[in-house]
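An overview of the molecular structure
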Amino acid sequence: LRAGYFRRDGGDGRLLLVAHHLAVDGVSWRVLLEELQQGDAAAVRGAAPLPAPGWSGWSAWVQALAQHAGSVDSSAELELWRDQLAHAEPGPAVGERESGELTLELERRLDAELTRGLLQHGQRAYRLGLQELLLTALARVLGRDRAGVLVDVEGHGRVELERELDLSGTVGGFTTHYPRWLQASGECGAALVRVKEQLRAVPQ
């Protein structure tokens, strides 16, 4: 972590905070900025910053994760992950040039009305999360001419393995990645349900 304060002639100063993603994930930035704002407000009032709540430490979560991994029979899960990767098709990736560079860029903008329908009606009708809706759309586009598409799914990683652990204000790197073979062919409603089931079948 590095911090730098820049004074501007005739203007306000600027505070720059830079941290490696291994130490700070997206949720951590929110926690850090909230505490920084609270400390700044206290300093303006001439008061001492309030002590931080008793969040669980990142190291406590790491220890709990190691214990959990040792207590779970992962042999059954191994076949599931092998099955996911077995569907990966050989050959060039979508949009790959002869040089080997991935160059495909797809952009689609949704207006306010369509976004509202996606967030409200789409999720409610099929009891889906936003991630499941978006991954269904992605799988239908990229897997249109194939049996499916292998995607790398990223999660926030803040899984509370024990009730005693409170990670809501913990700073650290929690991000998770896992492969998922998604099939979203056929009628749109059926594809949504199929992708939802495929994603919710992920163990742990």
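Since we're looking at a predicted model, the values are computed, not measured.

Each value, and the rule that gives it
- Residues numbered from 1 in each chain as written.
- Predicted model: local features only at pLDDT ≥ 70, side-chain atom pairs only at ≥ 80, totals over all residues.
- Heavy atoms only, no water.
- Core = buried A, V, L, I, M, F, W, Y, C linked by side-chain atoms within 4.5 Å.
- Buried < 20%, exposed > 50% of the residue type's maximum accessible area, 1.4 Å probe, protein only.
- Helix = DSSP H or I, 4+ residues; strand = E, 2+ residues; numbered from the N terminus.
- Contact = heavy atoms within 4.5 Å.
- 1 Å grid on protein atoms, 1.4 Å probe; cavity = no way out; pocket = protein on both sides within 12 Å on 5 of 7 lines; lining within 4 Å.
- Points joined across faces, edges and corners; volume = space filled by probe spheres on them.
- Phe/Tyr/Trp six-rings, centres within 6.5 Å; stacked < 30°, edge-to-face > 60°.
- Axes fitted to C-alpha atoms, helices over the stretch in contact; angles between N-to-C directions.
- Parallel < 35°, antiparallel > 145°, perpendicular 65-115°, else oblique.
- Left-handed = near helix turned anticlockwise from the far one by under 90°.
- Nonpolar A, V, L, I, M, F, W, Y, C, P; charged D, E, K, R; others polar.
- pLDDT = per-residue confidence, 0-100.

**Topic: the nonpolar core**
- In this structure, Leu135, Ala139, Val149, Val151, Val153, Leu182, Ala184, Ala191, Val195 and Leu199 together form the largest nonpolar core, which totals 10 residues.
- Where this core is concerned, the elements lending two or more residues are helix H5 (130-142), strand S3 (149-155) and helix H6 (188-200).
- Excluding its chain neighbours within four sequence positions, the residues that come into contact with Ala191 are Thr136, Arg140, Ala184 and Ser185.
- Ala64, Leu165, Leu167 and Phe174 belong to the second-largest nonpolar core, a separate cluster that totals 5 residues.

**Considering the layout of surface pockets**
- Of the voids in this model, the largest pocket is the one considered here, and its volume is about 710 Å³.
- Considering the residues around the largest pocket, the lining is formed by 20 residues, among which Val159, Thr176, Tyr178, Pro203 and Gln204 are closest to the centre.
- Taken together, the elements giving at least two residues each to the lining of the largest pocket come down to helix H2 (58-71), helix H3 (75-86), S3 and strand S4 (176-182).
- When residues in the lining of the largest pocket are grouped by element, the largest group, 4 residues, is from H2.

**Focus: the side chain of Lys196**
- By the element assignment, Lys196 lies in helix H6.
- In contact with Lys196, other than residues within four places in its own chain, are Tyr126, Arg127, Leu128 and Glu132.

**Overview of the packing of aromatic side chains**
- Applying the stated criterion to the full structure yields 3 aromatic pairs.
- An aromatic cluster is built from Trp58, Trp61 and Phe174, whose rings are joined through pairwise contacts.

**Things to note about the packing of H5 against H6**
- The interhelical angle for the contact between H5 and H6, taken along N-to-C directions, is 115°, at an axis separation of 9 Å. With respect to H6, the element H5 is oriented roughly perpendicular. Two packed elements cross with a definite hand, and for H5 against H6 that hand is right-handed. The segment H5 lies against H6, with Glu132, Leu133, Leu135, Thr136 and Arg140 engaging Cys188, Ala191, Leu192, Val195, Lys196, Leu199 and Arg200.
- In terms of residue class, the contact of H5 with H6 is built from 7 nonpolar, 1 polar and 4 charged.

**With respect to the confidence of the model for the protein**
- Taken residue by residue, the protein gives an average pLDDT of 83. The fraction at 70 or more is 92%.
- When pLDDT is averaged over each element of the protein, strand S1 (residues 2-6) comes out on top at 94 and helix H4 (residues 112-126) at the bottom at 80.

**Points about the packing of H4 against H5**
- Following both chains from N to C, one finds H4 and H5 inclined at 95°, their axes separated by 10 Å at the closest point. Considering the angle they form, H4 stands roughly perpendicular to H5. Residue-level inspection shows Leu118, Leu119, Gly122 and Gln123 of H4 in contact with H5, the latter providing Leu130, Leu133 and Leu134.
- For the contact of H4 with H5, the residue count by class is 5 nonpolar, 2 polar and no charged.

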